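These are the residues of each chain, in order.
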Amino acid sequence: MIFPVDEMQIPEVNCVACSMELVTEGPIVGRQSSSTSNKYLAGDNEEKASLQDPDARQETQQFTFRAVLVGCALGAVISASNVYLGLKTGWTFGASLFGSIFGFAILKPLSRLLPEPLGGGYFGPKENVCCQSAATAAGSLGLLFTSGFPAAYQLGLLGEDPVSDFGRIVTFTLCCAYVGIFFTMPLRRLYILKLKLTFPSAVAAAYTIRSLHVGRNAAANARKKTIALIVSFFVAIAWRVTSEYAPGIMWDWHWGWWFYNAGWKWIIRAENWVRIPFIGVGLLVPLNSSVSFVGGSALAWAIIGPALVATNRAFGTPVSSTGASPEYMNFANMVLDDPVGAPSPKYWMIWPGCAVLLCASLAEIIGNGGTVITSMAMALGPAVVKLKRLLCHVRRSDRGSLPSVAPKDDVILDPIPFDQQTPWWMWAGGLTVGTVLTMLVMRYQFGQNAGVTLLAILFSFFFSLVGAECTGRVSVTPVTTLGNFAQLVFGDISKGAGVAPMANQLNNGLTGMITLAASEQVADMLGDLKTTHLLGASPRVQLYAQCCGALVSIFLSAGMYIVFVKAYPCINTLTNTTCAFPAPDVGAWRAVSVAVSSPSLPIPRSSGITALCLGALAILSTLVKYRFVRPERQAWFPNWNAVGIAFILGPLCTYPMAMLFGSLIALGWRRYWPASAVMYCYAVAAGMIAGEGLGGIANAVLQIAGVSGSVKGTAIGCPLGVYCG
């Protein structure tokens, strides 16, 4: 998912269904959020006039080893963090702001201190954009390892474990990465030069980079932002690691259990369903998204869930195997012994959650259908015109007459010098090689028909146009939901062809991942190209930087996935116990794979009815929002993607409450101390997100080493005196 900021894809978020933005200097986006600032909705010419510095020193070198190296290293931090955050919450975050600020903090001093042969020399905003692009590409692709791959292992569709499959995981990820990158380059002329879409997050990044380099107080502002980012980054790491050794005190307050232990027996019902965290994250998440997240969690796990158990439509299991505290139940497990007749609440909730995610994203597309269709027509228009002229030429040649001179195509003015633009042969050649390689990998490593793979790539292109529209207009990137749509399409194709259920599940899962990765890459790369355009940098340089960064993401994301699976095997297995990683995207992905391949739907009747009702409500609400409500009041409508994620996440209110807490802090900060918010909010949020992710990785390493909190920590504050980290 990308963050609702749908991706919520949050804290700069790619959401479960969309795989979750902040507005200070501009909005920060996750894969599923939708927050914009009027400051950044100005026309393209206005933006260029405000961001181009006429007195700027000429940058003869934009693509440099130092910029790519530092960008890839910073993107690697976000890539690792996204695997952790995606498995925990279903939200991932982009690396553009983190790479912009931290890249400046590293490269600006080095450019002054080192001699030119060793990496010194002038460091300007255009080279800063190169660093940001490398970071963005290096921080992408994590969603593959927080959705499709774990679902495939849970269903027994791949090998014994990711280590034995590492080779084909890497080659598949490589194909997804570069097909998506080369998809993007021809779309620059459409979305950035012709349609001039806003891309709020990219505009925010451009303003941030400019503020670091231009102005009388640029150096002082850059120093303040850098310090804020570094401090929040290391505080978040330290808190996440130390809290693992005392989770009941520092991370997850089990207040219901405390009152139960003190004699108030009824309150255990609240502990069974709701837990409130101590610390919060979510400075980048719009208040609409975080309120919807908490509201969805309350609806699912404080209202519907208890009603299901009370009416014997879903069943939990006792937490204690010894019979102690029999009222204390586990409703967050995935019991599949009789999923239709006796489902666990978590399994029951998957279907309404998936329905809300799919229907909400479909309604968003319908609500913006005019612009999506227009964009597709513009993208295909030049090819149609050339085909008509070719046919006309052939007909006239057959009649022996000379063809008339055709009028020239409408020219889209490109302000970038020709030698800095990306030539057609470069992106077309890369796309051709990537397509052929994908077909070979899918055929010989996964046994999928080459024609189906080619069709999947074509579908990915059209789904990527939808993702680009969403990102460019409201910074919402529903990449996981687009992947789920592809699963439905190719699952039906496979079922119609008589493919066995398990083979169907593998095929629709892989084709869905191709669509997910391509859509994510297109959304991220177009955002970078918007920043490039606003600052007058070279698109060709960004392509080079993105190719380098993607190579890092391919290996690092796969490596981090293996580390987490090694430390927490429950990620890849369907278990009756509660896993430390709820992995909501995985549950949604697995559910769609099974449903579309099964002869009969494995859905409890009450769950199916609820799914239909909530899905219809999501569609109706979204269409009303776009058709009858003024734009400034649309924020009062719920973010249905966030609601759907809450259903799938489980009775764990930790992250919804943390995001709401962070959103309220950010709201008050901007309202009462706006200058301070503009200076620090972005940097603090980026540091917190990256720091928590790296802290989670450190905990995984400690788990493997046998010195984690579960071994050396305390269970004080945890129910039944059992460690609860």
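None of these values were measured; they are calculated from a predicted model.

**Quick notes on helix 19 (residues 501-535)**
Right, on to step 1. Over its 35 residues, helix 19 extends 51 Å from the first C-alpha to the last, a length consistent with the 51 Å expected when each residue adds 1.5 Å.
Right, on to step 2. Taking burial as the measure, the 35 residues of helix 19 include 32 buried ones, the bulk of the element.
Right, on to step 3. In the segment just after helix 19, Gly536 is the residue with positive phi, at about 70°.

**Structural notes on the packing of helix 19 against helix 20 (residues 539-567)**
Right, on to step 1. At a minimum axis separation of 10 Å, helix 19 and helix 20 run at an interaxial angle of 145°. In this structure, the crossing between helix 19 and helix 20 has a hand that is right-handed. Of helix 20, the residues touching helix 19 (which contributes Met525, Asp528, Leu529 and Thr532) are Pro539, Gln542 and Gln546.
Right, on to step 2. Of the residues in the contact of helix 19 with helix 20, the class split is 3 nonpolar, 3 polar and 1 charged.

**Here we look at helix 3 (residues 96-113)**
Right, on to step 1. End to end, helix 3 covers 25 Å across 18 residues, agreeing with the expected 26 Å (1.5 Å per residue, within 8%).
Right, on to step 2. The sharpest bend along helix 3 comes to roughly 30°, located at Phe104.
Right, on to step 3. With 13 of 18 residues buried, helix 3 is to be regarded as a mostly interior element.

**As for the pattern of salt bridges**
Right, on to step 1. A complete count under the given rule lists 3 salt bridges for this structure.
Right, on to step 2. Close ionic contact of Glu127 with Arg66 constitutes a salt bridge, the shortest N to O distance being 2.6 Å. Taken together, the residues Glu127 in helix 4 (residues 125-138) and Arg66 in helix 2 (residues 65-89) connect sequence positions 61 residues apart. The burial state of Glu127 is the same as that of Arg66; both residues are buried.
Right, on to step 3. Among the salt bridges present, the one from Glu244 reaches Arg240, with a minimum N-O distance of 3.2 Å.
Right, on to step 4. Residue class for Glu244 comes out buried when judged on its relative accessible area of 7%.
Right, on to step 5. Among the residues examined, Arg240 registers a relative accessible area of 4% and is labelled buried.

**A few points about unusual backbone geometry**
Right, on to step 1. Positive phi values are uncommon outside glycine, yet Leu141 reaches one of about 75°.
Right, on to step 2. With respect to the helices and strands, the residue Leu141 is situated in the loop between helix 4 and helix 5 (148-154).
Right, on to step 3. Residue classification places Leu141 among the buried residues on the basis of a relative accessible area of 0%.

**Observations regarding the side chain of Gln546**
Right, on to step 1. With respect to the helices and strands, the residue Gln546 is situated in helix 20.
Right, on to step 2. Under the relative-accessibility criterion, Gln546 is labelled buried at 0%.
Right, on to step 3. For Gln546, the residues in contact, after removing those within four places along its chain, are Ser133, Ala137, Ile181, Met185, Met525 and Asp528.

**Thoughts on the packing of helix 6 (residues 166-184) against helix 20**
Right, on to step 1. Where helix 6 contacts helix 20, the two axes come as close as 10 Å, and the packing angle between them is 150°. As far as their axial angle goes, helix 20 and helix 6 are roughly antiparallel. Taken as a pair, helix 6 and helix 20 cross one another with a handedness that is right-handed. The segment helix 6 lies against helix 20, with Phe166, Ile169, Val170, Thr173, Leu174, Ala177, Tyr178, Ile181 and Phe182 engaging Leu543, Gln546, Cys547, Ala550, Leu551, Ile554, Phe555, Ala558, Gly559 and Ile562.
Right, on to step 2. For the contact of helix 6 with helix 20, the per-class residue count stands at 16 nonpolar, 3 polar and no charged.

**Notes on the packing of aromatic side chains**
Right, on to step 1. Throughout the structure, instances matching the rule amount to 15 aromatic pairs.
Right, on to step 2. Seen in terms of ring centroids, Tyr84 and Phe564 are 6.0 Å apart; in terms of plane orientation they differ by 35°. Their pairing is tilted. One end of the pair, Tyr84, is in helix 2; the other, Phe564, is in helix 20, and 480 residues separate them in sequence.
Right, on to step 3. Take Phe564: its relative accessible area is 0%, and that puts it in the buried class.
Right, on to step 4. On the numbers, 6.0 Å between centres and 80° between planes, the contact of Tyr347 with Trp351 is edge-to-face. One end of the pair is Tyr347 and the other is Trp351, both in helix 14 (residues 345-367) and 4 residues apart, which spans about a single turn.
Right, on to step 5. The exposure class of Tyr347 is buried, given its relative accessible area of 8%.
Right, on to step 6. An aromatic cluster is defined as three or more aromatic residues linked by ring pairs; in this entry it consists of Phe145, Phe149, Phe172, Phe446 and Tyr561.
Right, on to step 7. Note that Arg443 overlies the ring of Tyr444, its terminal NZ or CZ placed 5.6 Å from the centroid.

Reading the values: the criteria
- Residues numbered from 1 in each chain as written.
- Predicted model: local features only at pLDDT ≥ 70, side-chain atom pairs only at ≥ 80, totals over all residues.
- Heavy atoms only, no water.
- Helix = DSSP H or I, 4+ residues; strand = E, 2+ residues; numbered from the N terminus.
- Expected span 1.5 Å × (residues − 1).
- Buried < 20%, exposed > 50% of the residue type's maximum accessible area, 1.4 Å probe, protein only.
- Axes fitted to C-alpha atoms, helices over the stretch in contact; angles between N-to-C directions.
- Left-handed = near helix turned anticlockwise from the far one by under 90°.
- Contact = heavy atoms within 4.5 Å.
- Nonpolar A, V, L, I, M, F, W, Y, C, P; charged D, E, K, R; others polar.
- Bend = angle between axes of the 7 residues up to and from the residue.
- Salt bridge = Lys/Arg side-chain N within 4 Å of Asp/Glu carboxyl O.
- Parallel < 35°, antiparallel > 145°, perpendicular 65-115°, else oblique.
- Phe/Tyr/Trp six-rings, centres within 6.5 Å; stacked < 30°, edge-to-face > 60°.
- Lys NZ or Arg CZ within 6 Å of the ring centre and 35° of its normal.

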